[in-house]
Structures are given as structure tokens and as C-alpha cells.
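A look at the structure
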Amino acid sequence: MTSFPAVRLRRTRQNEKLRGLVRETQLSVEQLIYPLFIAEGINEPREISAMPGIKQWSLEHLGREAERIARLGIPAVLLFGIPTEKDEVGSQAYNSQGIIQQAIHRLKAEAPDLLVMTDVCLCEYTSHGHCGVVQNGYVQNDESLELLARMALSHVEAGADLVAPSDMMDGRVGTIRRTLDEQGFSSTPIMAYSAKYASGFYGPFREAAGSAPQFGDRRAYQMDPANVREALREVELDIKEGADIVMVKPALAYMDVIRQVREHFDLPIAAYNVSGEYSMIKAAAMQGWIDERRITMEVLTGIRRAGADMIITYFAPEVAQWLQES
Ligand code: PBG
């Protein structure tokens, strides 16, 4: 007999031990990556109003925060820099004394066990706030590649363990891979923001990173939220160019994209649980409308179930704590 009453799916839901045995998806601290914002020219950590609990760190306070992250068992941080000076070509992005390069040195000295990943994109460093070089009001693809490769190389020279290009220029993974290989960094992995959508969910991040475009938007280089087959092409190309890990971003409204990438490719997949996804939960929780812990665990478990191996999330320290308690 293969149906009710012989079959009762509630049997294995009776208690937590049985539920644990049949649980299909695990969420653990080893799968979490925590984004960190480091600002030049500030002396005290600065709160980000749209992202309660997240701060811009000064170089002086970075070490202590990194130690806290490492003690929680979080394996990796993803760095974003906020420079004091911006220009047309994002010069501070590939300055060996730039804010991120200094931050990497500090982290390597003060929290040597933490994996240091860096976001590679010009938007925080350009006066126009776009992710590449602008000419005639248009973000130029090929002209941007060399600058992105210089940026990635300078991060790796400063000690970064992995670089994560998020600019969405065509060919950037290959250009970065070649540059790193030529300079003796053939062991440094690339996590490509492969399927990165032009998303309203990045809103709070733009306050955190000071990277809002000064004109237009990013739809001429980031993906259209309506497309999924195109995401598979993006992923395929990044794999051919040498990506070691591919990313889907944002996560929540794109779970089907994560699933499709999982079914088509064997590479590790990262999902970015972005700023807007964080802030919505925080805001509703602050109103007392939802149970923050329960919803956060549910969301992150869902992202894992969709097929992500690792999750970049602003909730990482809280989740690490909750996982220790449970
Ligand atoms: C840089 C970049 C962005 C994010 C990560 N890298 C912003 C953007 O593309 O506009 C968003 C992260 C988040 O919202 O948490 N290009």
C-alpha cells in the first residue's frame, strides 16, 4: 500500500530528533560570508541608517570587528571600500595605498585566519558612480576591463585571498584571470558575480557604499530581472573565462535562477542575500510584525535549498550566534 492510511508523512515530523534525521538542507556557519564596509577618513564607526546593525568601519576599528567575526566561526569577509576621493576613472580603486588595500593589510595582520574576499567594481570609486569608464554618457566595456584587472591585481598584491568582480562588464573574468596568472597569482580564485540583476534591492547598499549612479541606472550592464536563460549564458561564459565560483544576486526574488544554475552546472554557487533583503526583515522586525530570527533562518535555509553552496549575508554574525545557541 502506498498511500494513506499506510503512509503518514507526519510520522517523521513527531519530534526534533526525527525531524533532524530527515532534514534535507543544512545551514551552517561555514557557508556564510560577511560583507564589511571600510571608509577612508573616518575615526569612528558610522551607522548606516538604512541597514540597522551594519556600519562603515574605520581602519582603526576594523581589526576588532574582524576578530569578533572570526571568533563566531564565520570563515570569510567580503570587503567594500568607500574612498574620500572619486574621479572619472576610479583611480583610488587600484592605488596600492587605497582604503581597501590598507584594510587587507590590517586584516591579514590582525585576523590572519579570516579569508579576505574583495568586491571588484569601480562604482564606489568613480565620480559618476558607474561600474566602468563612461564616455559619451555610456559605460564603455573594453576600456573598463584593464582598470578592473588592475584593481583585482592590487587587491591580491595586498594579500586578498579571493577577488569577486561585480561590475558586469563582458570579458572581465577572463581579463582578471589572465592578469593574475601573468603576475604569479594563478592560485587565487575568482568568485564571479555572474547573474547580477539590475535590482531595486540594492537600495540600502548605495547608502552604505556611497555608490549611487549620478545619472541613469545600471540596466545597460546588469541583467534584466525578467530573464533566466540569459543568466545561464552569463554563468557559462564566466566558467569558460575561468570563474571558480559563480554567484546569483540578489537571492530572494531569484531562487529559480539559483536552482537553474545548480541544475546546469557543477561549480560552487554563491547567493548574495543583498541589502534590501536584509533591511526589509530588520524594518518589519523593529515594528514587531515578524519574528526576525525565525524568518531569517527560513530565508537562508530557502536559499540553500534552492541550490546555493554559500551565502553572502549581512545576517552572518547573528546567524552564527543563533546556530551556536540551537
Ligand atoms: C557594486 C555592488 C553593488 C552591490 C554589491 N556590489 C551595488 C550595485 O551594483 O548597485 C549590492 C550589494 C547589496 O545590495 O547588498 N557594483
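Preceding this paragraph is the structure being described.
Residues numbered from 1 in each chain as written. Predicted model: local features only at pLDDT ≥ 70, side-chain atom pairs only at ≥ 80, totals over all residues. Heavy atoms only, no water.

Regarding the overall build of the protein
The test is simple: Helix and strand assignments follow DSSP, with helices taken as H or I runs no shorter than four residues and strands as E runs no shorter than two, numbered in order from the N terminus. Atoms counted for the radius of gyration: C-alpha only. Globule rule: 2.2 Å times the number of residues to the power 0.38. Using a 1.4 Å probe on the protein chains alone, a residue whose accessible area is under 20% of its type maximum counts as buried, one over 50% counts as exposed, and one in between counts as partly exposed. It only takes one pair of heavy atoms within 4.5 Å for two residues to be counted as in contact. For accessible areas, the Shrake-Rupley method is used with a probe of radius 1.4 Å. Any residue's cover is judged against the shown protein chains and nothing else. Just so you know, the count uses Lys and Arg for positive and Asp and Glu for negative, and it drops His and the chain ends. Charge positions come from single atoms, namely NZ of Lys, CZ of Arg, CG of Asp or CD of Glu.
Scanning the protein from N- to C-terminus turns up 11 helices and 12 strands. In summary, the protein has a C-alpha radius of gyration of 20 Å against a globular reference of 20 Å for 326 residues, a match within 12%. For the protein, the spread of C-alpha atoms along the three principal axes comes to 70 × 45 × 40 Å. The 326 residues of the protein split such that 54% are buried. Residue pairs at least 24 apart in sequence account for 76% of intrachain contacts in the protein once pairs closer than 6 positions are excluded. Taken as a whole, the protein presents about 15,000 Å² of accessible surface, with 48% of it coming from carbon and sulfur. Mean positive and mean negative side-chain charge positions of the protein (34 and 44 charges, respectively) differ by 10 Å.

Overview of empty space enclosed by the protein
The line we're drawing: Definitions used for this entry: grid spacing 1 Å over protein atoms alone; cavity, a set of points where a 1.4 Å probe fits but cannot get out; pocket, an open set with protein on both sides within 12 Å along at least 5 of 7 lines; lining residue, one with an atom within 4 Å of a point. Grid points are joined across faces, edges and corners, and a volume is the space filled by probe spheres set on the points. Residues are grouped as follows: nonpolar covers Ala, Val, Leu, Ile, Met, Phe, Trp, Tyr, Cys and Pro; charged covers Asp, Glu, Lys and Arg; every other residue, Gly included, is treated as polar.
The tally for this structure, following the rule as stated, stands at three cavities of 30 Å³ or more. Estimates place the volume of the largest cavity at around 100 Å³. Considering the residues around the largest cavity, the lining is formed by 15 residues, among which Cys123, Lys196, Phe205, Arg218 and Lys249 are closest to the centre. Split by residue class, the lining of the largest cavity holds six nonpolar, three polar and six charged.

Looking at the layout of surface pockets
Roughly 470 Å³ of volume is contained in the largest pocket. Counting only elements with at least two residues in the lining of the largest pocket, the list comes to helix H10 (292-306) and helix H11 (316-325). The element that contributes the greatest number of residues to the lining of the largest pocket is H10, accounting for five residues. For the lining of the largest pocket, the residue count by class is five nonpolar, four polar and six charged.

A word on the pairing of strand S11 (residues 269-273)
Under the convention used in this document: For two strands to count as paired, DSSP must find a minimum of two bridges between them. Orient the strands so they point away from the viewer; a crossover is then right-handed if the path from the first strand over the helix to the second runs clockwise.
Taken across its five residues, S11 has five buried, putting it largely inside the fold. The alternating pattern of S11 places Ile269, Ala271 and Asn273 and Ala270 and Tyr272 on opposite faces, both of which are buried. As paired elements, strand S10 (residues 245-249) and S11 share three bridges and run parallel to each other. Considered in S11, the bridge of Val248 is made with Ala271. Read from S10 through helix H8 (residues 255-264) to S11, the crossover connection turns out right-handed. Here S11 pairs with strand S12 (residues 310-313) via four bridges, running parallel.

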